[in-house]
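Architecture at a glance
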Amino acid sequence: MSIITSDINQAQRLLNEGHLVAIPTETVYGLAGNALNPLAVSKIFEAKRRPFFDPLIVHIANENQLKLCVDEIPDKANLLMEKFWPGPLTLLFQKSNLIPDIVTSGLPKVAVRMPNHALTLSLLNGLEFPLAAPSANPFGYISPTCAEHVAKNLGDVILMVLDGGNCAVGLESTIVDASETPVKILRLGGVSVEEIEKCLGEAVLVQKSSSQPQAPGMLDSHYAPRKPMYWFNESIHALSSSRIGYLSFNHDLIGDIVFELSKKGDLVEAAAHLFQGMRWLDDQDVDCIVVKPFPDEGIGKAINDRLSRACQS
């Protein structure tokens, strides 16, 4: 069983030895290994039961680690880095020869971000290599937003969870390819479309999910609880004989078993609690989970993206 601790030195020792460590970020907890070590990276896929065609995000803390990962930095990527790093934004770059093909699933571009979490930045600054770190959960399941979530789902296959408290953002990072025109958002996340367009001074293209991902987190079906999850509509009354768990934004759904994401109707607060609420309902004695679409603005777009890939209809 993995231990939960805030001991950075122990985490660094394990990572240097080629082991995996779950790490906190402002978005979700990641399952980290040496991004330059193909064997360590293969352990990530094995522990998560993740298909090898789904690429990973590489986490860095400084310019030297970025140089290990990429060949060149486009001008628009520089603008976004200056504005949003450290933070919940991942950028695609032409990968360097030091990045093993297993990290990018054989694709020529590598996804890189600088997390906005003091503990993990300290961890990274004490390492000579960047960390490959997808979400620290079994593949396809709800992402973890606290150390206990990780220990519950992966505690039997990893040695350590670095405890950095609850994740402040609670949704994965936005993924952007700034090397093309127009700039493409490949995954909605913690930085909104509007913020990116304001920074660049131009419109961007939002790409839909796919069964053949060009970047991490683009698969059609993902982030799902084990209980079936549905969008609320009038036909939900056909489930009246079932026990229903309601994932409510702000008093928009009422029932016996409800997880309310934001009593004050705040989308940022709702995003921070989204995966926690999905996990809580998944653990209840319910037959299914029901949710309504969120306001399609700001981070609400990213919430709806996650829910659309978790819902069965």
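The sections below set out a description of the structure shown in this document. Within each chain, residue numbers correspond to sequence positions counted from 1 in written order. Where totals are concerned, whole chains, interfaces and linings use all residues; where local detail is concerned, this predicted model gives features only for residues with pLDDT of at least 70, and gives and counts side-chain atom pairs only at 80 or more. In computing side-chain properties, one takes all heavy atoms of the structure into account and sets aside hydrogens as well as water.

1. Quick notes on the nonpolar core
In this text, buried Ala, Val, Leu, Ile, Met, Phe, Trp, Tyr and Cys residues form a nonpolar core when linked through side-chain atoms within 4.5 Å. Only protein chains enter the accessibility calculation, which uses a 1.4 Å probe; a residue is then buried when its area is under 20% of its type maximum, exposed when over 50%, and partly exposed in between. Counting residues in each nonpolar core, the largest one holds 94 residues, and the members touching the most others are Trp85, Val112, Leu247, Ile303 and Leu307. Top element by residues in this core is helix H9 (residues 267-282). It accounts for seven residues. Setting aside anything within four residues of it in sequence, one finds leucine 307 in contact with Met229, Trp231, Leu247, Leu274, Met278, Val291, Lys292 and Phe294. The numbering of helices and of strands both runs from the N terminus, where a helix is a DSSP run of H or I of at least 4 residues and a strand a run of E of at least 2. Here, two residues are considered to be in contact whenever any of their heavy atoms come within 4.5 Å of each other.

2. Some thoughts on the sheet that holds strand E6 (residues 109-113)
The 11 strands lie next to each other as E1-E8-E2-E3-E7-E4-E6-E5-E9-E10-E11, forming an open sheet whose pairing is mixed. Looking at strand neighbours, the two that pair on one side only are strand E1 (3-5) and strand E11 (205-206), the edges of this open sheet. Judged from the three bridges that link them, strand E2 (residues 21-23) and strand E3 (residues 30-34) form a sheet pairing that is antiparallel. Bridge pairing links alanine 22 to leucine 31 in E3. The rule for pairing is simple: two strands pair if DSSP sees at least two bridges between them.

3. Overview of the packing of aromatic side chains
Each Phe, Tyr or Trp ring, with Trp reduced to its six-membered ring, pairs with another whose centre is within 6.5 Å; inter-plane angles below 30 degrees give stacked pairs, above 60 give edge-to-face pairs, and intermediate values give tilted ones. In total, this model carries three aromatic pairs according to the counting rule given. Ring geometry for phenylalanine 45 and phenylalanine 52: centres 4.6 Å apart, planes at 20°, overall stacked. Looking at phenylalanine 52, the relative accessible area reads 49%, which means it is partly exposed. With a centroid separation of 5.9 Å and 50° between ring planes, the pair formed by phenylalanine 259 and tryptophan 280 is classed as tilted. Residue phenylalanine 259 is found in strand E14 (residues 257-260), and its partner tryptophan 280 is found in helix H9; the two are separated by 21 residues along the sequence. The class of phenylalanine 259 is buried, set by a relative accessible area of 14%. Directly above the ring of tyrosine 141 sits arginine 226, whose terminal nitrogen or CZ lies 4.1 Å from the centroid. Only when the NZ atom of a Lys or the CZ atom of an Arg is both within 6 Å of the ring centre and within 35 degrees of the ring normal do we say a charge sits over the ring.

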